[in-house]
Amino acid sequence: QVQLVESGGGLVQAGGSLRLSCVASGRTFSNYAMGWFRQAPGKEREFVAAVSWSGATTYYADSVKGRFTISRDNAKNTVYLQMNSLKPEDTAVYSCALGGYFGTPRSRINEYDYWGQGTQVTVSS
């Protein structure tokens, strides 16, 4: 049974920073690509960032490029999303997802098989 548990969300002022974590269990974490997605109220879920199984390759949505950094610690079964220079439009529920086996970073939702429950990020202006 794959389980993904996110943490680190909260309320922050515009320009601030947060670091999200996602701990995975139930699979050999180091063999899978991982991704972060977000969903704002009334909007569809959208891609944020992804990392390859090894951590060597990353991929970002244009809206967060240069502000967010995805990384992973395979020894801790954890993927991170460091979010800097936050904007009110970054407000959303952020979820991590388990991607392809020995996969490359991908942006399409249907390329991810398992999802966490999400953590709320709210950025005030």
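Quick caveat, the model's predicted, so the values are computed rather than measured.

Q: Describe in detail the sheet that holds strand β7 (residues 68-73), supporting the description with residues and values.
A: Two strands in a sheet stick together by hydrogen bonds in their backbones, pointing the same way (parallel) or opposite ways (antiparallel). Overall, antiparallel pairing links the four strands, which are arranged β1-β3-β8-β7 in an open sheet. On the outer flanks of this sheet lie β1 (3-7) and β7, each paired with one strand and no other. Ignoring strand direction, the axes of neighbouring strands in this sheet form an average angle of 15°. Relative to strand β8 (residues 78-83), β7 is paired through six bridges, and the arrangement is antiparallel. For Asp-73, the partnering residue across the bridge sits in β8 and is Thr-78.

Q: So what about unusual backbone geometry? Which residues, and what values?
A: Despite not being glycine, Asn-77 shows a phi value in the positive range, around 55°. If you trace the backbone, Asn-77 turns up in the loop between β7 and β8.

Q: Lay out the state of the cysteines in plain terms, naming residues and giving numbers.
A: Enumeration over the complete set of coordinates arrives at one disulfide. The side chain of Cys-22 participates in a disulfide bridge whose partner is Cys-96; the two sulfur atoms lie 2.0 Å from each other. Since a negative S-S torsion denotes a left-handed disulfide, the Cys-22-Cys-96 link at about 55° is right-handed. Placement of Cys-22 in strand β3 (residues 18-25) and of Cys-96 in strand β9 (residues 92-101) is noted, with a sequence separation of 74 residues between them. Of the two residues examined, Cys-22 and Cys-96, each falls in the buried class.

Q: Any chance you could break down the packing of aromatic side chains for me, citing the residues and the numbers?
A: Geometry of an aromatic ring pair is reported as the spacing of the ring centres plus the angle between the planes. On inspection of all chains with the given rule, the structure shows eight aromatic pairs. Each member of the aromatic cluster is reached from another via a ring pair, and the members are Phe-37, Phe-47, Tyr-59, Tyr-112 and Trp-115. Over the ring of Trp-115 we find Arg-45; its NZ or CZ atom is 4.2 Å from the centre of that ring. Above the face of the Phe-29 ring, Arg-72 is positioned so that its terminal group lies 4.3 Å from the ring centre.

Rules behind the numbers
Residues numbered from 1 in each chain as written. Predicted model: local features only at pLDDT ≥ 70, side-chain atom pairs only at ≥ 80, totals over all residues. Heavy atoms only, no water. Pairing = 2+ DSSP bridges. Helix = DSSP H or I, 4+ residues; strand = E, 2+ residues; numbered from the N terminus. Axes fitted to C-alpha atoms, helices over the stretch in contact; angles between N-to-C directions. Disulfide = S-S within 2.5 Å. Buried < 20%, exposed > 50% of the residue type's maximum accessible area, 1.4 Å probe, protein only. Phe/Tyr/Trp six-rings, centres within 6.5 Å; stacked < 30°, edge-to-face > 60°. Lys NZ or Arg CZ within 6 Å of the ring centre and 35° of its normal.

Note that all results are geometric; they support no functional claim without further evidence.
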